[in-house]
Amino acid sequence: MSRRSVLRGIAMLSAGLSIASCRTGDDAPVRLAAGEQGGFFWEFSGLLAAAGARSATARIEPLQTNGSADNIEALRSGRAELAMSLLDTAQDSPDADALTAVGRVYENYFQVAVRDDSSITSPLDLRGRVVSVGAPGSGATSLSQRVLDAAGLAEPGAVRQVQQTMSDAAAALVAGDIDAAMWAGGLPTPAFDELSVGIRLLDLAAVVPILRQRHGTTYEPVSVPPDVYGHHPAVVTVGVANLLLARRDVPDHIVAAIVDLLLDDPSSLVPTQAIGSQFLDAQSLIQTGPIALHPGAAAEYRRRHG
């Protein structure tokens with residue numbers, strides 16, 4: 001069985017779990033706006049739902065979405081009580097002041113992939129090319145634009161941009177319908193793993209300092225090991241933290257139960273695409289930047305660690 005089949009099975013199982021909370025048996029499940037199947041958010045959300053079911057302390061229902069911006073809209077509209085988001089998308093949202101965080105969970109890796117046989121060797125070579133910049137409603141779309149701008153491709157039409165889900169972008173890259181795919185995910189991102197053609201990632205080491213100068217320390221340089229996707233050298237790319245968000249009206253005891261899952265069962269919450277990005281400890285969980293902790297989360301972190 002392939003990794004992709006295993007992850008899809010885990011996510012489907014997690015979405016269907018309905019074990020009642022031992023603390024509040026009448027609590028309805030909390031809906032977690034997650035992301036695309038084959039992506040980091042979806043995999044982590046399924047693992048979190050499964051951990052909540054095992055402990056019988058939290059009922060979590062992952063919802064498939066297009067990503068960060070879509071997830072924040074789901075919080076605003078009431079379609080979801082919890083959401084995964086890239087930190088930059090959350091802090092730049094018009095709703096940022098209304099958002100609260102359960103914790104900072106993992107690092108996301110912004111990735112720019114081309115086929116092995118492509119003549120593209122640097123971001124500047126994307127000029128005039130067809131590039132997938134992420135799905136509509138994903139955080140990757142806005143970050144893709146910032147990366148292109150920092151690479152000197154800011155003028156309209158410099159790159160022929162299309163918006164595609166990760167699975168559609170992977171298929172288009174294989175077919176040669178696009179020249180490059182941009183997305184934010186873990187290592188390796190399942191949607192781009194085990195393709196029928198080889199791919200390699202572009203090095204963004206020169207882009208990161210410009211992003212930090214223009215947008216602050218939300219972005220940081222992160223190393224991608226060699227051979228994550230087939231055979232390719234190590235590269236530097238853009239790292240941005242993932243937040244687990246909650247609506248302010250989610251009861252404190254439910255958020256506290258989720259904090260306990262993050263602190264007590266971290267080894268079961270490590271997605272296969274989380275190479276070198278295990279953040280699940282008390283010190284890193286509370287580092288949510290400008291997004292305030294949910295009162296239930298803040299109280300539980302204080303209770304657990306002072």
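Residues numbered from 1 in each chain as written. Predicted model: local features only at pLDDT ≥ 70, side-chain atom pairs only at ≥ 80, totals over all residues. Heavy atoms only, no water.

- Going by an unreviewed UniProt entry, the protein chain carries the name TRAP transporter and comes from Mycolicibacterium wolinskyi.

So, unusual backbone geometry
Moving on, step 1. With omega at -10°, the peptide bond leading from Leu187 into Pro188 counts as cis.
Moving on, step 2. By secondary structure assignment, the location of Pro188 is in the loop between β7 (180-185) and β8 (199-201).
Moving on, step 3. Even without a glycine there, the phi angle at Glu194 is positive, about 60°.
Moving on, step 4. Tracing the chain through its elements places Glu194 in the loop between β7 and β8.
Moving on, step 5. Even without a glycine there, the phi angle at Asp227 is positive, about 65°.
Moving on, step 6. The residue Asp227 is located in the loop between β9 (220-224) and β10 (235-246) in this model.
Moving on, step 7. For Asp227, a relative accessible area of 42% puts it in the partly exposed group. (Helix = DSSP H or I, 4+ residues; strand = E, 2+ residues; numbered from the N terminus. Buried < 20%, exposed > 50% of the residue type's maximum accessible area, 1.4 Å probe, protein only.)

Some details on the environment of Val133
Moving on, step 1. Structurally, Val133 is set in the loop between β5 (130-132) and α5 (139-150).
Moving on, step 2. Using a relative accessible area of 1% as the deciding quantity, one classes Val133 as buried.
Moving on, step 3. What Val133 contacts, discounting residues up to four positions off in sequence, is Ala140, Thr141, Ser144, Leu148, Gln161, Val162, Gln163 and Met182. (Contact = heavy atoms within 4.5 Å.)

Topic: the nonpolar core
Moving on, step 1. Formed by 75 residues in total, the largest nonpolar core has its most connected members in Leu48, Leu126 and Leu262.
Moving on, step 2. In this structure, this core is formed jointly by two domains, domain 1 (30-105 + 242-305) and domain 2 (109-240), each of which donates at least three residues.
Moving on, step 3. When sequence neighbours within four positions are dropped, the list of residues in contact with Leu262 reads Phe44, Leu48, Val102, Val105, Leu244, Leu269, Leu280, Leu285 and Tyr301.
Moving on, step 4. Ala172, Ile178, Leu201 and Val224 belong to the second-largest nonpolar core, a separate cluster that totals 21 residues. (Core = buried A, V, L, I, M, F, W, Y, C linked by side-chain atoms within 4.5 Å. Domains from an automatic or database assignment.)

Observations regarding the pattern of salt bridges
Moving on, step 1. Applying the stated rule across the entire model yields 14 salt bridges.
Moving on, step 2. Ionic pairing is found between Asp265 and Arg54, a salt bridge with its closest N-O pair at 3.0 Å. With Asp265 in the loop between α8 (252-264) and α9 (282-285) and Arg54 in helix α2 (residues 40-55), this residue pair connects regions lying 211 residues apart in the sequence.
Moving on, step 3. Look at Asp265 and you get partly exposed, because its relative accessible area is 23%.
Moving on, step 4. Under the relative-accessibility criterion, Arg54 is labelled exposed at 54%.
Moving on, step 5. Here Glu73 ties to Arg76 by a salt bridge, and the two come within 2.7 Å at their closest N and O atoms. With a gap of three residues between them, Glu73 and Arg76 both fall in helix α3 (residues 68-77), about one helical turn apart.
Moving on, step 6. The partly exposed category is assigned to Glu73, whose relative accessible area is 31%.
Moving on, step 7. Counted as one network, the salt bridges with shared partners bring together Arg104, Glu107 and Glu220. (Salt bridge = Lys/Arg side-chain N within 4 Å of Asp/Glu carboxyl O.)

What about the environment of Gln161?
Moving on, step 1. Here Gln161 is to be found in strand β6 (residues 160-162).
Moving on, step 2. Accessibility expressed as a relative area gives 39% for Gln161, which makes it partly exposed.
Moving on, step 3. In this structure, the C-alpha to C-alpha distance between Gln161 and Ser132, residues 29 residues apart in sequence, is 5.9 Å.
Moving on, step 4. Apart from residues no more than four positions distant in its own chain, Gln161 is found in contact with Val131, Val133, Gln145 and Leu148.
Moving on, step 5. At 2.9 Å, the side chain of Gln161 and the side chain of Gln145 are in polar contact. (Polar contact = N/O pair within 3.5 Å; in protein donor to acceptor, adjacent residues only side chain to side chain.)

Remarks on the domain arrangement of the protein chain
Moving on, step 1. Assigned domains of the protein chain: these are domain 1 (30-105 + 242-305) and domain 2 (109-240).
Moving on, step 2. Computed over C-alpha atoms, the centres of domain 1 and domain 2 are 25 Å apart.
Moving on, step 3. Taken together, the contacts link 23 residues of domain 1 with 26 residues of domain 2.
Moving on, step 4. Buried surface at the junction of domain 1 and domain 2, summed over both partners, amounts to about 1,700 Å²; 52% is from carbon and sulfur atoms.
Moving on, step 5. At the junction of domain 1 and domain 2, the tally comes to two salt bridges. (Buried area = accessible area lost by both parts, 1.4 Å probe.)

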